[in-house]
Amino acid sequence: MVQLVGSLRKELADSLSTCKVLVVGAGGIGCELLKNLVLTGFKNIEVIDLDTIDVSNLNRQFLFQKKHVGKSKAQVAKESALQFCPSANITAYHDSIMNPDYNVEFFRKFMLVMNALDNRAARNHVNRMCLAADIPLIESGTAGYLGQVTVIKKGMTECYECQPKPTQKTFPGCTIRNTPSEPIHCIVWAKYLFNQLFGEEDADQEVSPDTADPEAAWNPEETAARATASEKDGDIKRISTKEWARSTGYDPVKLFNKLFKDDIMYLLTMDKLWKKRKAPIPLDWQQLENSMCPQEETPVSGLKDQQVLGVWGYCQLFQHSVETLRSQLQEKGEGAELAWDKDDPPAMDFVTAAANLRMHIFSMNMKSRFDVKSMAGNIIPAIATTNAVIAGLIVLEGLKILSGELESCRTIFLNKCPNLRKKLLVPCILDPPSANCYVCASKPEVTVKLNVHKTMVLSLQDRILKERFGMVAPDVQIEDGKGTILISSEEGETEANNSKFLGDFGIRNGSRLQADDFLQDYTLLINVLHTEELERDVEFEVVGEAPDKAPPPQNNQEEVNSITNGNKDSAQPSTSYKAPAADDDIMIVDSDEEGGVSSSSAAAVSSGTKRKHSDTETGETSTKRPRTEQSSAAAALTDNDDDDDIIALD
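- If you check an unreviewed UniProt entry, the protein chain appears there as SUMO-activating enzyme subunit 2 from Lates japonicus.
- Looking at the protein chain in UniProt, the text filed under Sequence similarities (unreviewed entry) is "Belongs to the ubiquitin-activating E1 family."
- Reading the Function (unreviewed entry) entry of the UniProt record for the protein chain gives the comment "The heterodimer acts as an E1 ligase for SUMO1, SUMO2, SUMO3, and probably SUMO4. It mediates ATP-dependent activation of SUMO proteins followed by formation of a thioester bond between a SUMO protein and a conserved active site cysteine residue on UBA2/SAE2."

Pasting the structure below:
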């Protein structure tokens, strides 16, 4: 007869009380997970999170209360979880998991690692540390009503990085500065403008008209006389935006006339831009004040954040926000800078006003503050119930691993609507490792296309190795028979190389570089493919990578009928079919019938039409498959603004 302790077999219950587990992240999923672990019987838990508690967390991170605002998430989560089970041994770290102190030996002391993270860089790092330590990892993520849980085990399953993921969606500078055609272009411009005026200036975030736009192909000398910009302080002057703003004392009216009148009139002189586009219409503060103010005094109904104001309403919001931000700068003192934060009302008001005024100028429908905030912060509304479901699934997969039943683990998708089999939870067999993975293959190797005469060593280190390939502290040597050290993780050793081009070190087409990250116990061989034909503003390309293309359709009708799950990348349901209300129960479908379908075939679609998600509903999902266009959100402009609000699930 099986002996039970609560609802668990005695052997499993004993294992829970002795095994040590690591929880990475103490936000929306992390809080639910920590509570679940102690109530299930786990006694030795370590939790790590760098973040502090914000008032916006309180509606879904139930281990926190108002009195905890400003305190360490990990520490408070520990204290709250201990109230459920005082006998548990919980260690909290208010730190980044990417800190070198948490090395491979640190990971090896755990039987299981559970991710409750919010950004790709940290996910990549934990993935590599678990591979190096040969420890099972349970990866998870949520995006609104969607969620996913998967298990990663070295040599048995795909790792988190086995399939390439699309990079953050960016826009050409000339589109942002000269020819915006979508609201997101205006919102990005407004965020750039905030930094140019009040924050840290970045040459890549210029907001003034781009005279180098290849599409304009105009002659400034011949057309300058046609610009009728104001002769007052609003004149277009070739100095930095911040310097000009300071010279006016951050006068809101002068800023307005420069940004929304003078700069627009300057754009109008670039004739070729407007031959096939509707030309922008400049705004003048005085004219608006005289003509539009009386028309907009009628109060607008509805929630304040969801109201779309008129043009003069956004003019007033612009004026008020500039005055408030100016006061904040003055309080901080000479040379101070402000950081844009979607949860800072004056900063959000500024971006809302500036973006909407620009939308109006370029004949787009204006957006509510709520909509602007959603796009500016890549926010997918965090749903407490989704976090709770996913946290429960993490524990169930963990129990399988600790029972020695790793082969029965699944990738599980939580869908927003039931699929054709009336299931909300759909499990898929774990895929085996990819032979071409540049992380978990036996000899990781990639080919990078770049211009060796234009790519600096610093760009190789920061943009390629750290940003693209997720290394933390890379060491690079050239395989030239001499073992020339190009980059050293030891501070100061190769700093003099940073400003030199790769070609200066004899690197050419066909050269090979060996990059090592000793913290991650990871080595990557890089084949250099020299080219002078990269697109404008593209520094490098990883050869053979096409993450933004949809996977080929599956034709196996038997598999289609068996699972009918949505695209794995966004954990979306496969069709727009809606089940009757009575069938809305959440059902775990880990049956033998569906268990035979792999997660790679779960993208198959039945005779219904695949439902498309809007951008605000997808975000980066916690999968390992290439994304379709409709599931690709304007993701990750800022992966780490808030642990649930910005979903970086990949």
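**A few points about the overall build of the protein chain**
Then, number 1: The number of helices and strands found in the protein chain is 19 helices and 16 strands.
Then, number 2: Counting only residues that meet the buried cut, the protein chain has 54% of its 650 residues in that class.
Then, number 3: Surface accessibility of the protein chain: about 29000 Å² in total, with carbon and sulfur atoms responsible for 48%.

**Regarding the confidence of the model for the protein chain**
Then, number 1: Overall, the prediction assigns the protein chain a mean pLDDT of 79, with 75% of residues at 70 or greater.
Then, number 2: Here residues 546-597 is a poorly scored stretch, pLDDT under 50, and it has 154 contacts once near neighbours within four places are set aside; other chains count.
Then, number 3: Scored below 50 in pLDDT, residues 600-650 shows 206 contacts in the model against residues more than four places distant or in partner chains.

**Notes on the sheet that holds strand β16 (residues 540-542)**
Then, number 1: In space, the six strands of this open sheet follow the order β13-β12-β14-β15-β11-β16, with mixed pairing throughout. This sheet does not close on itself; its edge strands, each paired only once, are β13 (484-487) and β16. When strand polarity is set aside, the average angle formed by the axes of neighbouring strands in this sheet is 30°.
Then, number 2: Looking at chain direction, strand β11 (residues 445-450) and β16 are connected through three bridges and run antiparallel. Within β16, the position partnered with leucine 450 by the bridge is phenylalanine 540.

**Here's the deal with the sheet that holds strand β5 (residues 89-93)**
Then, number 1: Taken together, eight strands build an open sheet; the order of strands is β5-β4-β3-β6-β7-β8-β9-β10 and the sheet is mixed. Looking at strand neighbours, the two that pair on one side only are β5 and β10 (425-429), the edges of this open sheet. When the angles between neighbouring strand axes are averaged without regard to direction, this sheet yields 15°.
Then, number 2: Lying over the sheet, helix α3 (residues 73-82) contacts β4 (44-48) and β5, oriented at roughly 165° with respect to β5.

**Description of the nonpolar core**
Then, number 1: Ranked by size, the top nonpolar core spans 56 residues in total, and within it Trp189, Phe198, Phe256, Phe260, Phe318, Phe350 and Leu357 carry the most contacts.
Then, number 2: Those elements that provide at least two residues to this core are α7 (183-198), α9 (241-247), α10 (252-268), α11 (285-291), α12 (311-332), α13 (345-361) and α14 (369-376).
Then, number 3: Excluding its chain neighbours within four sequence positions, the residues that come into contact with tryptophan 189 are Ile176, Val207, Leu259, Phe260, Ala354 and Arg358.

**A word on the pattern of salt bridges**
Then, number 1: Applying the stated criterion across every chain, the model contains 21 salt bridges.
Then, number 2: Note that lysine 35 is salt-bridged to glutamate 32, the shortest N-O span being 3.2 Å. Placement of the pair is lysine 35 and glutamate 32 together in helix α2 (residues 28-40), with a separation of three residues, close to one helical turn.
Then, number 3: Taking the relative accessible area as the measure of exposure, lysine 35 reaches 23% and is therefore partly exposed.
Then, number 4: Arginine 369 is the partner of aspartate 349 in a salt bridge, and the nearest nitrogen-oxygen pair spans 2.8 Å. Taken together, the residues span a long stretch of sequence, with aspartate 349 in helix α13 and arginine 369 in helix α14 at a distance of 20 residues.

**Some words on α10**
Then, number 1: Under the 1.5 Å per step criterion, the end-to-end length of α10 is 23 Å for 17 residues, consistent within 8% with the ideal 24 Å.
Then, number 2: Backbone nitrogen of valine 253 and a side-chain oxygen of the N-cap are separated by 2.9 Å at the start of α10; the cap is aspartate 251.

**Section: a negative patch on the surface**
Then, number 1: A cluster of acidic residues, Glu200, Glu201, Asp202, Glu243 and Glu337, forms a negative patch on the protein surface.
Then, number 2: Its place among the elements puts glutamate 200 in the loop between α7 and α8 (220-223).
Then, number 3: The class for glutamate 200 is exposed, based on a relative accessible area of 58%.

**Some words on the pairing of strand β7 (residues 137-143)**
Then, number 1: With respect to burial, β7 is a largely interior element, seven of its seven residues being buried.
Then, number 2: Residues Leu137, Glu139, Gly141 and Ala143 point to one face of β7 and Ile138, Ser140 and Thr142 to the other, with burial holding for every one of them.
Then, number 3: One ladder, built from two bridges, connects strand β6 (residues 112-115) with β7; its direction is parallel. Looking across to β7, one finds that valine 113 is bridged to leucine 137.
Then, number 4: Once you follow β6 into helix α5 (residues 120-133) and on to β7, the crossover reads as right-handed.
Then, number 5: Taken together, the seven bridges between β7 and strand β8 (residues 146-152) define a ladder with antiparallel strand orientation. Following the sheet pairing, serine 140 is matched in β8 by valine 149.
Then, number 6: Where β7 folds back onto β8 in an antiparallel hairpin, the turn is made up of two residues, including glycine 144, whose phi is positive at roughly 65°.

**Describing unusual backbone geometry**
In terms of backbone geometry, most residues other than glycine have negative phi values and most peptide bonds are trans.
Then, number 1: In this model, tyrosine 250 sits at a positive phi of 55°, which is unusual for a non-glycine residue.
Then, number 2: Checked against the element boundaries, tyrosine 250 lands in the loop between α9 and α10.
Then, number 3: Unusually for a residue other than glycine, aspartate 521 sits at a positive phi of about 50°.
Then, number 4: By the secondary structure assignment, aspartate 521 is in the loop between β14 (512-517) and β15 (522-530).

Criteria and cut-off values
Residues numbered from 1 in each chain as written. Predicted model: local features only at pLDDT ≥ 70, side-chain atom pairs only at ≥ 80, totals over all residues. Heavy atoms only, no water. UniProt positions renumbered as here; feature names shortened; annotations may be inferred. Helix = DSSP H or I, 4+ residues; strand = E, 2+ residues; numbered from the N terminus. Buried < 20%, exposed > 50% of the residue type's maximum accessible area, 1.4 Å probe, protein only. Areas by Shrake-Rupley, 256 points an atom, 1.4 Å probe, with all protein chains shown as cover. pLDDT = per-residue confidence, 0-100. Contact = heavy atoms within 4.5 Å. Pairing = 2+ DSSP bridges. Axes fitted to C-alpha atoms, helices over the stretch in contact; angles between N-to-C directions. Core = buried A, V, L, I, M, F, W, Y, C linked by side-chain atoms within 4.5 Å. Salt bridge = Lys/Arg side-chain N within 4 Å of Asp/Glu carboxyl O. Expected span 1.5 Å × (residues − 1). Polar contact = N/O pair within 3.5 Å; in protein donor to acceptor, adjacent residues only side chain to side chain. Patch = residues over 30% accessible without salt bridge, like charges linked within 9 Å, V, L, I, M, F, W, Y side chains within 5 Å. Lys, Arg positive; Asp, Glu negative; His and termini not counted. Charge placed at Lys NZ, Arg CZ, Asp CG, Glu CD. Right-handed = clockwise from strand over helix to strand, strands pointing away.

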